Amino acid sequence: MNGPELLRIVDALHRDKNIDKEIVFEGIEQAILSAARKHYGEEEEFEIDIDRDSGETSLKINDKLLDSNELGDLLGRIAAQTAKQVMIQKIREAERDSLFDEYEELRGHIVTGSIQSLSGRTAAVNLGKVEGILPRGEQIPGESHRPNERVRAVVMDVRKAGSRVKIILSRTHPDFVRRLFELEIPEISEHVIEIRSIAREAGYRTKVAVSCNDQKVDCVGACVGVRGSRIKNIVDELAGERIDIVRWNDSLQVLVPNALQPAEVENVILCPMLGRVLVLVRDDQLALAIGRHGQNVHLASKLVGWDIEIMTEDELEEQLESSVAAFAEVPHVSEELAGGLVEQGFLSFDDLSIIEPDQLAELGGLTAEQCDIIVEYADRESERLEREAAQRRAEEKAAAALAETEAASQAAAAAEESTDTSDQPAEAAAENADTLEDSPADPESNSGEETPAAEPTEETVVESPAGEMESTVIMEAPQFVDAAAGDAEAASTEEEAETLPPTAATDQIEQDDSGLESEQADTAEELTPDEVSLKQAEASTPEE
């Protein structure tokens, strides 16, 4: 085997695959041993050595050194193929270990890659040498990714999976915000400003507590930037997530109000035995301090590392009175001890059930047996109150479901009633349409017969001497009318009808017609039978 050529191969693998040379030499030795065992048998003893400087190879079988020709015959075609497979396996393992070590050092740091593929909501990110996985749960809520999109994420976990390295990425981890601050704010990367704590609800809100050793530097203003230029880049990367920058203080009396901003805090009461902070606010600041769905107080609690309970002064007074009265009923608990427990922040049986017996004995000067009795009593009362609360919640839920069902049934009944009401005019319209279709359009064309007109009832208005209007109904108007006089009277009636309102015009026309008929009747009574015949003949003769 040519030593210089072997050295060149080892050096190329070291540079291309970033594999240590010693690992490559060990892989070659294992490949030669594998080929020798396959050729000579497993019962023989083999010893292989490759000079790291010259690349010369020596193989001993049962303490007998093989010369170079025999070694060349050993590494024939079949044996060389076996050695090649072993060598490839060793190189893959070495490459996997190298990638694992590289990305293990990058754990918690930001890497940049491109979306290679999407499987459901899980994204495969091409990081260059290896492929990372961005699970659905580690993506910011509300954001969506596309293939070939550039994305930044923090390395959350690195695992070995067979011959591959599995890298889990995250965009929801608080370290992602920390690294973005280091990239965008030089004072943080230079350790002039220090990030002391981060509390985050990905996609909604993040609180960052910062401090500065240099009194001349405003840590909050440096993070925000001129007109918010620095923080804006971070917000854009986080898909519009709201970021609150809080000034850190070692005193909880100052840090807790800062963490609850923008709410205004009236007083802060520390309960060291429970790790709890009671925060008193005004009534108009209560909802702001708690936040939407308790988000503000939850993030502030995570930021300071203490449980925060927010209430008003009236609520605190009521809670203190009820707690003292309840603790006074516990066996072996005096009023003085009940007051001391409340002063330490024990406001419920649930709090009392987790107290350490040593602390209880120190507060009240009790024995170990008495402390155990008090803790057991608190456990029972806490479970009872929890069961009652669960029962009340179940009853409220059932009542709400029943009310919702009743409201739905009433809405359905109202909708059905409105549907029936709307259908009735449609049915009536359809019946009227059928009736119109059945009736003839032209009365004169019906069987060729003329339909006799009903004799109208006419009403004549006569003014009485007293000035009152009296109406006289005239029935059966005579048919003997002077045509010329009738036309003139009709024309004057139409002119008067145009100047009057519709109702008055109609009444006036009826009055004129009734007066004309009465005149005709008087004339008909004065004429003789011969004159009547003459008048009829003149009326029937057409005008030339």
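Cut-off values and rules
- Residues numbered from 1 in each chain as written.
- Predicted model: local features only at pLDDT ≥ 70, side-chain atom pairs only at ≥ 80, totals over all residues.
- Heavy atoms only, no water.
- Helix = DSSP H or I, 4+ residues; strand = E, 2+ residues; numbered from the N terminus.
- Buried < 20%, exposed > 50% of the residue type's maximum accessible area, 1.4 Å probe, protein only.
- Contact = heavy atoms within 4.5 Å.
- Polar contact = N/O pair within 3.5 Å; in protein donor to acceptor, adjacent residues only side chain to side chain.
- pLDDT = per-residue confidence, 0-100.
- Pairing = 2+ DSSP bridges.
- Axes fitted to C-alpha atoms, helices over the stretch in contact; angles between N-to-C directions.

Looking at the overall build of the chain
- Secondary structure summary: the chain contains 19 helices and 16 strands in total.
- Put simply, the chain has 544 residues, and 32% of those count as buried.
- The long-range share in the chain, meaning contacts at least 24 apart out of those at least 6 apart in sequence, stands at 56%.

Details of the side chain of threonine 206
- If you trace the backbone, threonine 206 turns up in strand β10 (residues 205-212).
- According to the relative accessible area criterion, threonine 206 is buried, its value standing at 0%.
- At a separation of 2.2 Å, a polar atom in the side chain of threonine 206 contacts the side chain of glutamate 241.
- Apart from residues lying up to four places away in sequence, threonine 206 is in contact with Val177, Ile198, Ala199, Arg200, Glu241, Arg242, Ile243, Asp244 and Leu299.

Here we look at the confidence of the model for the chain
- The predicted model of the chain has a mean per-residue pLDDT of 77, with 73% of residues at 70 or higher.
- The low-confidence segment residues 439-526, where pLDDT is below 50, has 57 contacts with residues more than four positions distant or belonging to other chains.

What to know about the sheet that holds strand β2 (residues 57-61)
- Spatially, β1-β2-β3 is the arrangement adopted by the three strands of the open sheet, whose pairing is antiparallel. Lying at the two open borders of the sheet, with one neighbouring strand each, are β1 (46-50) and β3 (64-65).
- Bridging between β1 and β2 involves five bridges; their strand directions are antiparallel. Residue pairing in the sheet places isoleucine 48 in a bridge with leucine 59 of β2.
- Where helix α2 (residues 21-40) meets the sheet, its contacts fall on β1 and β2, and the angle it forms with β1 comes to roughly 150°.

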